[in-house]
Amino acid sequence: LNDIIGIMLNQRFLEELFKPQEVYNKGALRSVFNDLAHASIMRLNEESMDKLYDLMRMVFKYQVFSATQPRDLLLITLNHLDAIRVLATSQIIQKQVDSAYFLLVKTYGQMSCGELQRLRYHILNFFQDMRIRVSIFMRQKLQNNCGSFVISPDCRIPHGNEIPGSIRIYGSDGCIEDLQSFVPGGEFTQTTEVGSMELRGARHTLLGTNIYTTLITRVECEEWERAATCDTAERQKYRQELNLLVKQLLGSETLSSQDVIKLDLFYDQEGTARDTHKLNAQTVSPSETEPDHHESLHKVLTEMTISAA
């Protein structure tokens, strides 16, 4: 995990990402994702990589789709960084996470609600035709059979906004003449506090957190925020689990920096594993569409090397 995080939050890589530019096309996004996923000693075959990529896209689309206010885009990203910080066991990697936080706040923290809403529209337009069914969404009845998301009538109202149910009628002088009520048709809860933009603040939203925890157990924001600040012993547990996995895969063999572990996470319809030696050989190069910026970004990724832990 430290290897992948170190590449993903590398300073040169982030500088290329944060340069003013047009939205990436789908081929360029897939190419960058492949490079990041293969930054560690783990390798996925073509089918596993496709499913992992589809899962990543649909979960992020759901998070942006479910945002109740433009500012949630920042809180979602901060939740991502908080989760990465928990998994990082190296002080150097944690400093990279902090650097990414400051760059994010500097670039997007001063944007108005209108600018953030335009950014949200651009993201949703990018994923508009992407309707891939995800099992966890289907089980929670958050997704239709066609792949579109279910719009729930129940939601949390952002801080500073009123719960639906009132109609104010104003006169010509601008004063309220009448106040009527109606049944909004859903259960709304008021957010009592604004999500924090601080380095280790309380975000007060579950969007951007682990979906396999938030969607299944339905934990409250406060409980998840406490879990996101786990101590060093819990961080060490993740590392021990990965070391155990490597030991089980290699047995008594010694892992060198040149060794590659090919891991098949998915099975075909007959229940048999796919050929783990068949890697994704049809990667779309980002330089095919926007050669200037994407080629420099791809160069940054290819120049980075990872040594075995």
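Residues numbered from 1 in each chain as written. Predicted model: local features only at pLDDT ≥ 70, side-chain atom pairs only at ≥ 80, totals over all residues. Heavy atoms only, no water.

Visitor: I would appreciate a short explanation of the overall build of the protein in the present structure.
Guide: When you go through the protein residue by residue, the secondary structure sums to twelve helices and six strands. Within the protein, buried positions represent 35% of all 309 residues. The long-range share in the protein, meaning contacts at least 24 apart out of those at least 6 apart in sequence, stands at 69%. Here the protein has roughly 19,000 Å² of accessible surface; of this, 52% comes from carbon and sulfur atoms. (Helix = DSSP H or I, 4+ residues; strand = E, 2+ residues; numbered from the N terminus. Buried < 20%, exposed > 50% of the residue type's maximum accessible area, 1.4 Å probe, protein only. Contact = heavy atoms within 4.5 Å. Areas by Shrake-Rupley, 256 points an atom, 1.4 Å probe, with all protein chains shown as cover.)

Visitor: Looking at this structure, how should I read the pattern of salt bridges?
Guide: Pairs may arise between side chains of opposite charge once their charged atoms sit close together. In total, this model carries eight salt bridges according to the counting rule given. Lys51 is the partner of Glu47 in a salt bridge, and the nearest nitrogen-oxygen pair spans 3.6 Å. Here Lys51 and Glu47 lie together in helix 4 (residues 46-65), a separation of four residues that amounts to about one turn. Of the residues examined, Glu47 reaches a relative accessible area of 21% and is grouped as partly exposed. Connected through shared salt-bridge partners, Asp82, Arg85, Asp98 and Arg203 make up one network. (Salt bridge = Lys/Arg side-chain N within 4 Å of Asp/Glu carboxyl O.)

Visitor: I'm lost on helix 5 (residues 72-87) in this one. Help?
Guide: Along an α-helix, residues three or four apart share an orientation, since each turn contains 3.6 residues. With 16 residues, helix 5 extends 23 Å between its outermost C-alpha atoms, agreeing within 8% with the 22 Å of an ideal straight helix rising 1.5 Å per residue. For helix 5, a buried count of twelve out of 16 residues is recorded, marking the element as mostly surrounded by other parts of the structure. Those residues of helix 5 not exposed but buried are Asp72, Leu73, Leu74, Leu75, Ile76, Leu78, Asn79, Leu81, Asp82, Ile84, Arg85 and Val86. (Expected span 1.5 Å × (residues − 1).)

Visitor: I keep staring at the packing of helix 5 against helix 6 (residues 91-108) and nothing clicks. Help me out?
Guide: Axes are the key here: two packed helices are described by the angle between their axes and the distance separating the axes. Two elements in contact, helix 5 and helix 6, have axes separated by 10 Å at closest approach and are oriented at 170°. Put simply, helix 5 runs roughly antiparallel to helix 6. Together, Leu74, Thr77, Leu78, Leu81, Ile84 and Arg85 of helix 5 and Gln94, Val97, Asp98, Ala100, Tyr101, Leu104 and Tyr108 of helix 6 make up the contact between the two elements. The residue makeup of the contact of helix 5 with helix 6, split by class, is nine nonpolar, two polar and two charged. (Axes fitted to C-alpha atoms, helices over the stretch in contact; angles between N-to-C directions. Parallel < 35°, antiparallel > 145°, perpendicular 65-115°, else oblique. Nonpolar A, V, L, I, M, F, W, Y, C, P; charged D, E, K, R; others polar.)

Visitor: Looking at this model, I keep getting lost on the environment of Arg85. Mind explaining?
Guide: For Arg85, the position within the fold is in helix 5. Put simply, Arg85 and Lys95 are ten residues apart on the chain and 9.1 Å apart in space, counted from C-alpha to C-alpha. Of note is the side chain of Arg85, whose polar atom sits 3.2 Å from the side chain of Asp98. (Polar contact = N/O pair within 3.5 Å; in protein donor to acceptor, adjacent residues only side chain to side chain.)

Visitor: Got a minute to help me understand the pairing of strand 3 (residues 166-170) in this structure?
Guide: Along a regular strand, successive side chains alternate from one face of the sheet to the other. One ladder, built from five bridges, connects strand 3 with strand 4 (residues 176-181); its direction is antiparallel. Its bridge partner being in strand 4, Arg168 is matched across the sheet by Leu179. (Pairing = 2+ DSSP bridges.)

Visitor: Can you walk me through the pairing of strand 4 in this structure?
Guide: By the criterion of burial, strand 4 is predominantly exposed, with just zero of the six residues buried. Count of turn residues in the strand 3/strand 4 antiparallel hairpin: five residues, of which Gly174 carries a positive phi of about 85°.

Visitor: Hey, could you run me through the packing of helix 4 against helix 7 (residues 113-126) in this one?
Guide: Here helix 4 crosses helix 7 at 145°, and the two axes come no closer than 10 Å. At the point where helix 4 passes helix 7, the crossing takes the left-handed sense. Of helix 7, the residues touching helix 4 (which contributes Phe60, Lys61, Val64 and Phe65) are Arg120, Ile123 and Leu124. Residue composition of the contact of helix 4 with helix 7, grouped by class: five nonpolar, no polar and two charged. (Left-handed = near helix turned anticlockwise from the far one by under 90°.)

Visitor: What should I look at first to understand the nonpolar core in this one?
Guide: Nonpolar side chains tend toward joint burial in soluble globular proteins. Core analysis: the largest hydrophobic core is formed by 17 residues, its most contacted members being Ile5, Leu9, Leu78, Leu81 and Val97. For this core, the secondary structure elements donating two or more residues are helix 5 and helix 6. The contacts of Leu78, once residues within four sequence positions are left out, are Tyr101, Leu104, Ser196, Met197 and Arg203. Among the nonpolar cores identified, the runner-up in size contains 16 residues, and Val64, Ile136, Phe137 and Ile211 belong to it. (Core = buried A, V, L, I, M, F, W, Y, C linked by side-chain atoms within 4.5 Å.)

Visitor: Explain the confidence of the model for the protein here, please?
Guide: In low-pLDDT segments, the atomic positions of the prediction should not be examined closely. Averaged over every residue, the pLDDT of the protein is 79; the share at 70 or more is 72%. Considering only residues more than four positions removed or in separate chains, one finds that residues 218-225, a stretch of pLDDT under 50, has 16 contacts. Confidence over residues 276-289 falls short of pLDDT 50; this stretch has 27 contacts with residues more than four positions distant or in other chains. (pLDDT = per-residue confidence, 0-100.)

Visitor: Sorry, what's going on with helix 4 here?
Guide: Relative to the 28 Å expected for 20 residues at 1.5 Å per residue, helix 4 spans 28 Å between its end C-alpha atoms, a close match to the ideal helical length. Taken residue by residue, helix 4 has Ser48, Met49, Tyr53, Arg57, Met58, Val59, Lys61, Tyr62, Gln63 and Val64 as its buried positions.

Visitor: Would you explain the packing of aromatic side chains in this entry?
Guide: Two aromatic rings, taken as a pair, are described by how far apart their centres are and by the angle between their planes. This model, assessed by the stated rule, comprises nine aromatic pairs. Through a chain of ring-to-ring contacts, three or more aromatic side chains come together here, namely Tyr62, Phe65, Phe137 and Phe149. Stacked on the ring of Phe126, the Lys or Arg Lys26 has its end atom at 4.6 Å from the ring centre. Here Arg30 stacks its cationic end above the ring of Tyr53, 4.8 Å away from the centre of that ring. (Phe/Tyr/Trp six-rings, centres within 6.5 Å; stacked < 30°, edge-to-face > 60°. Lys NZ or Arg CZ within 6 Å of the ring centre and 35° of its normal.)

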